Amino acid sequence: MYTDRGAVGGQCTISGDVKYTATWRVDLGRVVSINHIDIYYRTDNRNFSQYLDRMAGFFVYVSNTTSKDDGYLCYHDESTDQNMVSLDQHINCTLQGRYVIYYNERRPGAVYPSFYSKYAYNELCEVEVYGCNGTYGDDCIYPCPKNCQDRSCDTNTGHCLSCSSGYKGLECHIVCNNNTYGPACALKCGNCSNGETCHHINGTCLHGCAEGALGDTCQEGCQSGYYGRNCSHRCSENCIVTSQCDRFTGQCDGGCKPGWTGSTCNQIRATNTQPSSCTESYTIVIVVVSVLIVVTGSLINFVIWKRNVAKLSRMSRENMPQPTYKTEDKEHQYTELEEVDKSKTYEEIHRYSN
């Protein structure tokens with residue numbers, strides 16, 4: 001606690017002269033829940049407002065880094081009259097952070113109230129930061145709700161400054177619903193099996209993924225060539241576009257290869273003996289006409305062949321040589337028989353005839 005608010009007492013920070021900006025900060029060691037901040041400015045231990053012009057227009061930031069630009073503005077003095085400024089400041093600041101940053105400026109060319117100093121200063125003798133560690137209320141006697149992020153809550157109301165993953169509400173007591181999860185329930189669940197919601201904290205699907213999805217949170221589509229629940233089925237090799245199919249149903253892209261049918265092209269197409277289309281009927285007519293032409297041509301050739309054979313046969317007979325016969329006198333065709341004497345015996349006749 002300060003005992004000397006003068007420039008030479010060793011308890012106040014005195015910035016350099018002729019500066020257009022002045023910055024001071026304190027590291028609280030870790031992120032804490034802040035309730036209010038008290039600031040005591042330089043007075044030189046006198047009861048007059050000599051340094052009000054230097055304090056006027058200051059800013060107070062709370063940040064988790066050493067830069068005010070990464071933090072939140074806790075307070076900005078916008079006094080337009082010197083009598084509105086106090087060298088003892090009590091600032092209500094319900095924020096969470098590690099660094100408290102005091103900042104002032106006098107920008108060249110900017111128009112300020114007439115009582116402002118020409119240059120910026122920080123001449124702080126005491127900065128007191130009040131807050132609770134996981135508690136709230138008077139004397140910090142009430143614990144913050146268990147689902148508050150880092151068990152940090154508003155030191156006055158007990159409302160969580162932010163919720164742990166998977167919860168929402170002022171006191172972070174509501175579990176994420178409507179297929180949401182994560183910090184502030186801001187993330188959407190993936191395609192979980194049977195339309196179930198995911199785990200409210202990490203988004204995992206407790207019973208696996210539905211058709212066409214993959215991964216712990218079921219937010220990845222199936223790799224090319226796979227489909228179905230948990231992407232565990234391979235697309236059919238009978239797809240026209242080989243192994244390419246709808247990742248949900250397995251239906252082949254572009255249909256099936258010849259000879260295959262079914263939504264996933266895994267069924268052999270039955271042979272159809274009946275013409276099922278104009279094209280098939282036309283094909284059958286062509287075949288029948290072709291057969292008739294061949295048969296008719298064969299018959300004509302056979303008839304022509306038979307006629308040629310008969311003609312050749314007649315010509316052969318006409319050209320064959322006629323047989324000649326030697327004509328002899330009829331008188332010499334027969335053996336002249338003598339008159340047989342009736343008186344000759346049988347034996348003689350027999351001998352004669354031999």
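To be clear, the structure that these remarks concern was listed above.
Residues numbered from 1 in each chain as written. Predicted model: local features only at pLDDT ≥ 70, side-chain atom pairs only at ≥ 80, totals over all residues. Heavy atoms only, no water.

Before going further, it helps to examine the overall build of the protein. For the protein, the count of helices and strands is 3 helices and 17 strands. Accessible surface for the protein amounts to roughly 23700 Å². Of this, 51% is attributable to carbon and sulfur atoms. (Helix = DSSP H or I, 4+ residues; strand = E, 2+ residues; numbered from the N terminus. Areas by Shrake-Rupley, 256 points an atom, 1.4 Å probe, with all protein chains shown as cover.)

A complete count under the given rule lists 14 disulfides for this structure. A sulfur-sulfur distance of 1.8 Å marks the disulfide that ties Cys-132 to Cys-140. Every disulfide takes its handedness from the sign of the S-S torsion; for Cys-132 and Cys-140 that torsion is -70 degrees, giving left-handed. Given the relative accessible area of 8%, Cys-132 is considered buried. Given the relative accessible area of 27%, Cys-140 is considered partly exposed. Residue Cys-176 pairs covalently with Cys-185 via a disulfide, S to S 1.9 Å. A torsion of -90 degrees about the S-S bond marks the disulfide between Cys-176 and Cys-185 as left-handed. An identical accessibility class is assigned to Cys-176 and Cys-185; each is buried. (Disulfide = S-S within 2.5 Å. Buried < 20%, exposed > 50% of the residue type's maximum accessible area, 1.4 Å probe, protein only.)

The next point concerns the side chain of Asn-147. Considering the arrangement of structural elements, one finds Asn-147 in the loop between β7 (142-143) and β8 (167-168). When residues no more than four places from it in sequence are discounted, the contact partners of Asn-147 are Ser-162, Cys-163, Ser-164, Tyr-167, Cys-172 and His-173. (Contact = heavy atoms within 4.5 Å.)

With that out of the way, let us pick up the packing of aromatic side chains. Per the stated rule, a full pass over the model turns up 8 aromatic pairs. Summarising the aromatic geometry, the rings of Phe-59 and Tyr-103 are spaced 5.8 Å apart at their centres and angled 50 degrees between planes, so their arrangement reads as tilted. With Phe-59 in strand β2 (residues 59-63) and Tyr-103 in strand β4 (residues 88-105), this residue pair connects regions lying 44 residues apart in the sequence. Residue Tyr-103 is classed as buried on the basis of its relative accessible area, which comes to 10%. Ring centres 5.5 Å apart and planes at 40 degrees place the aromatic pair Tyr-136 and Tyr-142 in the tilted group. Under the relative-accessibility criterion, Tyr-142 is labelled partly exposed at 44%. Clustering of aromatic rings is evident, with ring pairs tying together Phe-58, Tyr-75 and Tyr-102. Sitting over the ring of Tyr-103, Lys-68 keeps its end group 4.8 Å from the ring centre. It is Arg-106 that lies over the ring of Tyr-112; its NZ or CZ is 5.7 Å from the centre. (Phe/Tyr/Trp six-rings, centres within 6.5 Å; stacked < 30°, edge-to-face > 60°. Lys NZ or Arg CZ within 6 Å of the ring centre and 35° of its normal.)

With that out of the way, let us pick up unusual backbone geometry. The general pattern is negative phi for most residues beyond glycine and trans for most peptide bonds. Positive phi is not limited to glycine here, since Arg-151 has a value of about 55 degrees. Position of Arg-151 among the secondary structure elements: in the loop between β7 and β8.

Read across the sheet, 5 strands follow the order β3-β2-β4-β1-β5 without closing on themselves; strand pairing throughout is antiparallel. The open sheet is flanked by β3 (72-76) and β5 (124-132), the only strands paired with a single partner. Pairs of neighbouring strands in the sheet enclose a mean axial angle of 20 degrees, with direction left out of account. Pairing of strand β1 (residues 21-41) with β4 involves 15 bridges; the strand directions are antiparallel. When the sheet's bridge partners are listed, Ile-34 is paired in β4 with Leu-95. (Pairing = 2+ DSSP bridges. Axes fitted to C-alpha atoms, helices over the stretch in contact; angles between N-to-C directions.)

Proteins that are soluble and globular tend to have nonpolar side chains buried together. Ile-39, Tyr-41, Val-60 and Tyr-102 are the most contacted members of the largest nonpolar core, which totals 24 residues. Those elements that provide at least two residues to this core are β1, α1 (52-55), β2 and β4. No other element matches the 5 residues that β1 contributes to this core. With residues near it in sequence (within four places) discarded, Tyr-41 still touches Arg-5, Tyr-51, Arg-54, Met-55, Leu-87, Tyr-102, Tyr-121, Asn-122, Glu-123, Leu-124 and Cys-125. Of all hydrophobic cores here, the second largest spans 8 residues; its members include Tyr-181, Cys-192, Cys-205 and Ala-213. (Core = buried A, V, L, I, M, F, W, Y, C linked by side-chain atoms within 4.5 Å.)

Turning to the side chain of Ser-15, a few remarks are in order. By the secondary structure assignment, Ser-15 is in the segment before β1. Residue classification places Ser-15 among the buried residues on the basis of a relative accessible area of 17%. Leaving out residues up to four positions away in the same chain, Ser-15 has contacts with Ala-22, Ala-120, Tyr-121 and Asn-122.

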